[in-house]
Amino acid sequence: MNGPLIGCIADDFTGATDVAGLMRRSGMRVVQCFGIPQTPSLVDGFDAVVVALKSRSIDADLACQQSCDAAKWLQSIGTQRFFFKYCSTFDSTPAGNIGPVAEALMDCLDVPQTIFCPSFPENGRTVYQGHLFVGGSLLSESGMQHHPLNPMTDANLVRVLAGQSKQPVSLVTAPRDGEVSDGTFARRLADAGPLVITDAIDNDDLAGIATTVADHRLVTGGSAIAGFIAQVLQDRREPTSVTADIPIPSNGRSAVLAGSCSQATQAQVQEFVRDHPALTLDVERACRGEDVLGEAKRWVDDQSGDRPFLISSTVDPESLARIHAGHGRSEAAAVVESLLSELGFYLVQQGIRRLVVAGGETSGAIVERLGVEAIRIGDEIAPGVPWTESLGSPPIALALKSGNFGSTTFFRTAIGASLADPTPQGE
Ligand SMILES: Nc1ncnc2c1ncn2[C@@H]1O[C@H](COP(=O)(O)OP(=O)(O)O)[C@@H](O)[C@H]1O
Ligand SMILES: O=C(O)[C@@H](O)C(=O)COP(=O)(O)O
């Protein structure tokens, strides 16, 4: 059977789009499915298949089960190489799910060893002597120590992974000059234990590691190493089998839905609303049962012409803390996800065909409400955030952005708007 060159299992939806986008850089045709697709023929003809799960913060046993089911489905379509994608900030807790899922996949794919390579230098994530840095800071001092679901209070990945795994964890430093070509790096890896954290501080390190592990049956990490593995696999193919560009339609009205409260998304919202119509959802009123959805729909109806607009629930940390104290963290999140997903559905009903979504959970809620089964991957807007298009009718262009990704002008860049486009608000 001619299966895909590589099959990925990703632990969240925007993380999946991130790895899909990085592999797409190599020229591979990449498809992303939300869970195991009901219509398997959707993935026919693609070089890389990404199964997006929402398994990052669920019970570890369930995450293992879902990941192994995805691996078995990928095997059933002829996949030989597998990649387990998790966050480049190694988002996990002592209960998992990175260690347990990796070990479950090793069991189910009969693999004795795998590497763990979260490094994503382009987005400031590097690993040195087993310690994960975000920008210039240790992971544990980067803000990630305050993450609501998986606070990362230790930057030592050997210790973090050991705390959530059954088998021993070792560290392999990045390949030095000549160590890839003369096989020394491969021998260093082979001599390491079953679970190996690999240092990588730049793309040269990642390229060397990818050359060595491209034919390993199971590799785990962030999106960057998967991108380099894809490049190794593409470089081996006949030029004619390397795919041409897959354009994502640029026509159709655009809207931005932001449900992330990350620092990056807050800055992106503030930047975009300077000269675009924008609605901030009143989450406290929505939590009290008031008809914020109906009001938002009427606001959408009032927007004129083809002008892009933004709807967000994004608030600063103080307001978020107040909402959590008053209404409960998960209860408020559920209200917001329901509001934004219903609005996403309404926007598509109203003819909007290009949606930019900020936030992993938010993207999950919207994609599920739209009933999207799979998307094909186009060019990146920013590292780790490609334009995609839903496979189904009508095709919808979707940009699903991890909360922390993208520069301040991300929304503007995504929809192709210039700074003064078209008329500053209030004029
Ligand atoms: N104003 C708000 N009050 C309470 N919860 C909110 C608010 N805005 C967003 N949320 C919730 O915060 C979570 C943000 O997570 P997510 O969408 O994954 O973003 P990120 O990628 O930044 O983690 C979602 O569950 C969302 O519903
Ligand atoms: O690897 C990464 O950093 C991202 O792909 C990712 O997984 C980010 O997570 P969310 O911001 O929670 O979507």
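Residues numbered from 1 in each chain as written. Chains lettered and ligands numbered in written order. Predicted model: local features only at pLDDT ≥ 70, side-chain atom pairs only at ≥ 80, totals over all residues.

**Q** With reference to specific residues and values, describe the UniProt feature "domain: Four-carbon acid sugar kinase nucleotide binding" (unreviewed entry) in the chain.
**A** UniProt marks residues 255-411 with the feature "domain: Four-carbon acid sugar kinase nucleotide binding" (unreviewed entry), using the numbering shown here. A distance of 9 Å separates the end C-alpha atoms of residues 255-411, which is 45% helix and 23% strand. (UniProt positions renumbered as here; feature names shortened; annotations may be inferred. Helix = DSSP H or I, 4+ residues; strand = E, 2+ residues; numbered from the N terminus.)

**Q** Account for the site of ligand 2, with residues named and values stated.
**A** With respect to spatial proximity, 14 residues lie near ligand 2, and among them G15, D18, S88, G360 and S402 are the closest. Examining the composition of the shell around ligand 2, we find that three residues originate from one element, helix α1 (residues 13-24), more than from any other. Residue composition of the shell around ligand 2, grouped by class: one nonpolar, eleven polar and two charged. Summarising the domain contributions, the shell around ligand 2 has at least three residues from each of domain 1 (6-241) and domain 2 (254-415). (Near = placed C-beta within 6 Å. Nonpolar A, V, L, I, M, F, W, Y, C, P; charged D, E, K, R; others polar. Domains from an automatic or database assignment.)

**Q** How would you sum up the confidence of the model for the chain? Please name residues and give values.
**A** Scored by pLDDT, the chain has a mean of 92; 94% of the residues are at 70 or more. This model gives residues 418-427 a pLDDT under 50, and the stretch forms six contacts once residues within four places in sequence are excluded. (pLDDT = per-residue confidence, 0-100. Contact = placed C-beta atoms within 7 Å.)

**Q** Which residues make up the site of ligand 1, and what are the values?
**A** S260, A333, V336, G359 and G403 are the nearest of the 19 residues found near ligand 1. Counting residues per element, the ones that place at least two in the shell around ligand 1 are α11 (317-327), α12 (329-349) and α13 (360-370). No other element matches the four residues that α12 contributes to the shell around ligand 1. When grouped by side-chain class, the residues that make up the shell around ligand 1 number eight nonpolar, nine polar and two charged.

**Q** Describe α12, with residues and values.
**A** Across its 21 residues, α12 extends 30 Å between first and last C-alpha, which sits within 8% of the 30 Å expected from 1.5 Å per residue. Looking at α12, one finds that the buried residues are A332, A333, V335, V336, E337, L339, L340, S341, L343, G344 and L347. Looking one or two residues past α12, G351 carries a phi angle of roughly 100 degrees, positive in sign. (Expected span 1.5 Å × (residues − 1). Buried ≥ 20, exposed ≤ 12 C-beta atoms within 10 Å, placed from the backbone.)

**Q** Tell me about the domain arrangement of the chain, residues and numbers included.
**A** When cut into domains, the chain gives domain 1 (6-241) and domain 2 (254-415). The C-alpha-based centres of domain 1 and domain 2 are spaced at 28 Å. With 24 residues of domain 1 at the interface, the matching set in domain 2 holds 22 residues. Mapped onto the side of domain 1 that touches domain 2, the elements with two or more residues apiece are α1 and β2 (30-34). Sorting elements by how many residues they give to the side of domain 1 that touches domain 2 places α1 first, with nine residues. Partitioning the side of domain 1 that touches domain 2 into residue classes produces ten nonpolar, nine polar and five charged.

**Q** Residues and numbers for the nonpolar core, please.
**A** Formed by 124 residues in total, the largest nonpolar core has its most connected members in C8, A48, V50, V51, I225, I229 and L257. Here this core takes eight residues from α12, the largest share from any one element. Built from parts of two domains, this core gets at least three residues from each of domain 1 (6-241) and domain 2 (254-415). With sequence-adjacent residues up to four places away left out, L257 is seen in contact with I311, L340, L343, G344, L355, V357, T362 and I366. (Core = buried A, V, L, I, M, F, W, Y, C linked by C-beta atoms within 7 Å.)

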